[in-house]
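One-letter residues, chain by chain:
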Amino acid sequence: MNPRKLTKALDHHAVRQLNNSWYRAAAIGLPLNCFVTIAPLREQDYALEEASADYFAAVRNWLGVFVRRHITAFTAIWTIENNTDGADPHMHILMHLPAQIIPDLREAMSRQY
């Protein structure tokens, strides 16, 4: 499921779904232990509509490819947010990554972004 809809806030159903996903990942042996924030336009003054959802999808895809090269499955939950005035679009990703691979991810992300 990959819905793309603009909301002003997460409702209790969305929060419950994120929470349940976190518990499910832990139950199947893939605890979500690595938190990543992508803020590509932080230094600029762009509204969320100007930051393409496709850009954030490409970032998720890049992360998925990186993770699958090191382990077998990309397990993550994410949310795309912005400030109340629509500025500073950014994405938070909570994903499973073995601790020994986290330094490799940091290095790869610094090269990529």
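Residues numbered from 1 in each chain as written. Predicted model: local features only at pLDDT ≥ 70, side-chain atom pairs only at ≥ 80, totals over all residues. Heavy atoms only, no water.

Caption draft 1: Molecular detail of the nonpolar core. Counting 20 residues, the largest nonpolar core has Val36, Leu63, Met95, Leu97 and Leu105 as the members making the most contacts within it. Of all the secondary structure elements, the ones that give two or more residues to this core are β1 (34-38), α2 (53-70), β3 (90-95) and α3 (102-112). Considering each element in turn, this core owes the most residues, six residues, to α2. Apart from the residues within four sequence positions on either side, Met95 is in contact with Pro31, Leu32, Asn33, Cys34, Val36, Leu63, Val67, Phe74, Thr75, Ala76 and Leu105. (Core = buried A, V, L, I, M, F, W, Y, C linked by side-chain atoms within 4.5 Å. Buried < 20%, exposed > 50% of the residue type's maximum accessible area, 1.4 Å probe, protein only. Helix = DSSP H or I, 4+ residues; strand = E, 2+ residues; numbered from the N terminus. Contact = heavy atoms within 4.5 Å.)

Caption draft 2: Structural detail: α2. Along its 18 residues, α2 runs 26 Å from first to last C-alpha, staying within 8% of the 26 Å computed at 1.5 Å per residue. Looking only at α2, the buried set comprises Phe56, Val59, Arg60, Trp62, Leu63, Gly64, Phe66 and Val67. Buried-residue contacts for α2 involve β1, β2 (76-81), β3 and α3. (Expected span 1.5 Å × (residues − 1).)

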